[in-house]
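# Coordinates in review
So the chains spell out like this:
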Amino acid sequence: MAKIIAIVNQKGGVGKTTTAINLAAALSACGARILLCDFDPQANATSGMGLDKLHLKSTVYDALFGNVSAEGVICHTEFGDVLPSGSSLAGAAVELIGMPRREYQLKRLLTPLSEQYDYILIDCPPSLELLTLNCLCAAQSILIPVQCEYFALEGLSDLMATMRGVKRRLNPEITIFGVLLTMFDGRTNFSNQVAEEVRRHFPGKVYASVIPRNVRLAEAPSHGLPVITYDRSSRGAQAYLSLADEILRKEGRK
């Protein structure tokens, strides 16, 4: 049975989609059965896994509102399976409003797929609205990327308040899977200070693996490749492989 993890932070530019792509690929490289569900209308996780988001026959939107099964939408890649997104998802929040159990529509799609995978990772939109609520109701836990910059903790209180509300009213099982430090520059005192502050706010939840600022990590999406394929020897690739190993060991899967 898959562990369903929503990768979420309503702040943009924190490495959320980068983490979704590269953690999926790294876990897959370690032998785990992976499905990456792209639930962001920007569909960057879809293209980052090597798919042409402009020429897909169907996307997660069609599974939500059409007569297509989620299984029929899944694309198989060498880096793991992908439930792709597209620009049509941008209007989905409005369409969901009138649906019964509107917060549980993504869960309806993913639950039947759980037996086929070890992990289902959801790349969430950078906001706290109905699409993200669907992600939080579908997931058992959340992984929060936090960039090591000045505004790192800004907005996290809103995310935690949303999660508490979801836990109280919609998904009592949801927990924090982990907090991931991204864009870390160990040469600066500031990055280290932010890292310590995040560890203080989330005791025992921050991964030992830290994602550095890395040129190869930034370049990889433009080639439609996870960084472990684009340049496996790079610091970014090694960091995500280390994170995958850390997760698998904590879960007792390695």
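As the structure is a prediction and not an experimental result, all values here were calculated from the model.

Cut-offs used in this document
Residues numbered from 1 in each chain as written. Predicted model: local features only at pLDDT ≥ 70, side-chain atom pairs only at ≥ 80, totals over all residues. Heavy atoms only, no water. Salt bridge = Lys/Arg side-chain N within 4 Å of Asp/Glu carboxyl O. Helix = DSSP H or I, 4+ residues; strand = E, 2+ residues; numbered from the N terminus. Buried < 20%, exposed > 50% of the residue type's maximum accessible area, 1.4 Å probe, protein only. Polar contact = N/O pair within 3.5 Å; in protein donor to acceptor, adjacent residues only side chain to side chain. Pairing = 2+ DSSP bridges. Axes fitted to C-alpha atoms, helices over the stretch in contact; angles between N-to-C directions. Contact = heavy atoms within 4.5 Å. Phe/Tyr/Trp six-rings, centres within 6.5 Å; stacked < 30°, edge-to-face > 60°. Lys NZ or Arg CZ within 6 Å of the ring centre and 35° of its normal. Core = buried A, V, L, I, M, F, W, Y, C linked by side-chain atoms within 4.5 Å. Parallel < 35°, antiparallel > 145°, perpendicular 65-115°, else oblique. Left-handed = near helix turned anticlockwise from the far one by under 90°.

## Quick word on the pattern of salt bridges
Inspection of every chain in the model, using the stated rule, returns 15 salt bridges. The partner of Asp185 in a salt bridge is Arg187, and the shortest N-O contact between them spans 2.9 Å. We note a salt bridge from Arg200 to Glu197, for which the minimum N-O separation is 2.7 Å. In this pair, Arg200 and Glu197 are both assigned in helix H9 (residues 189–201), three residues apart and thus about one turn of the helix distant. For Arg200, a relative accessible area of 57% translates into the label exposed. Taking relative accessible area as the criterion, Glu197 reaches 30% and is therefore assigned partly exposed.

## A word on unusual backbone geometry
Located in the positive-phi region is Ala43, a residue other than glycine, with phi close to 60°. A residue is classified by how much of its surface remains accessible, and Ala43, at 1% relative accessible area, is buried. One non-glycine residue, Arg101, lies in the positive phi region at around 50°. Structurally, Arg101 can be placed in the loop between helix H5 (92–97) and helix H6 (105–110).

## Topic: the environment of His76
By secondary structure assignment, the location of His76 is in strand S3 (residues 75–77). The exposure class of His76 is exposed, given its relative accessible area of 63%. Separated by 2.9 Å, the side chains of His76 and Asp81 make a polar contact.

## Here we look at the sheet that holds S3
Read across the sheet, seven strands follow the order S3-S4-S2-S5-S1-S6-S7 without closing on themselves; strand pairing throughout is mixed. Bordering the open sheet on either side are S3 and strand S7 (175–182), each of which pairs with just one other strand. Pairwise comparison of adjacent strand axes, ignoring direction, gives a mean angle of 25° for this sheet. Pairing geometry for strand S6 (residues 141–147) and S7, over seven bridges, is parallel. Pairing of Val146 across the sheet is with Leu181, part of S7. Its contacts with the sheet place helix H8 (residues 156–169) against S6 and S7, and it is angled at close to 175° to S6. Contacts from H9 reach S6 and S7, with the element oriented near 175° to S7.

## Focus on the pairing of S6
Of all seven residues in S6, seven are buried; the element is thus mostly enclosed. Burial along S6 is two-sided: Ser141, Leu143, Pro145 and Gln147 and Ile142, Ile144 and Val146, pointing in opposite directions, are all buried. Relative to S6, strand S1 (residues 3–7) is paired through three bridges, and the arrangement is parallel. In the strand pairing of S6, Ile7 is matched with Leu143.

## Describing the packing of aromatic side chains
In this structure the tally under the stated criterion is one aromatic pair. One residue, Arg101, lies across the ring of Tyr104, its end atom 4.3 Å from the ring centre. Over the face of the ring belonging to Tyr119 we find Arg253, whose NZ or CZ atom lies 4.6 Å from the ring centre.

## So, the side chain of Ser141
By the secondary structure assignment, Ser141 is in strand S6. Classification of Ser141 by relative accessible area gives buried; the value is 3%. Discounting residues that sit within four places of it in the chain, Ser141 has contacts with Lys3, Ile4, Ile5, Ala6, Ile174, Thr175 and Phe177.

## Some thoughts on the nonpolar core
With 56 residues, the main nonpolar core has Phe39, Leu106, Leu110, Ile122 and Ile142 as its most contacted residues. Excluding residues within four positions of it along the chain, Phe39 makes contact with Val60, Leu64, Leu89, Leu106, Ile122, Asp123, Pro125, Leu131, Asn134 and Cys135.

## Brief notes about the packing of helix H1 (residues 16–29) against helix H12 (residues 235–250)
Angle between the axes and distance between the axes: these two values describe a pair of packed helices. For the pair H1 and H12, the least separation of the axes is 9 Å and the interaxial angle reads 65°. Taken together, the axis directions place H1 and H12 in an arrangement best described as roughly perpendicular. Seen along the crossing, H1 lies across H12 with a hand that is right-handed. Between H1, through Thr18, Thr19, Asn22, Leu23, Ala26 and Leu27, and H12, the contact on the second element is made entirely by Tyr240, Leu241, Leu243, Ala244, Ile247 and Leu248.

## Observations regarding the pairing of strand S2 (residues 34–38)
Of all five residues making up S2, five are buried, and the element is well covered by its neighbours. In S2, alternate side chains face the same way, and those of Ile34, Leu36 and Asp38 on one face and Leu35 and Cys37 on the other are all buried. Summarising the sheet, S2 and strand S4 (residues 80–83) pair through three bridges and their orientation is parallel. By the bridge assignment, Leu35 is partnered in S4 with Asp81.

Geometric values such as these leave the question of function open.
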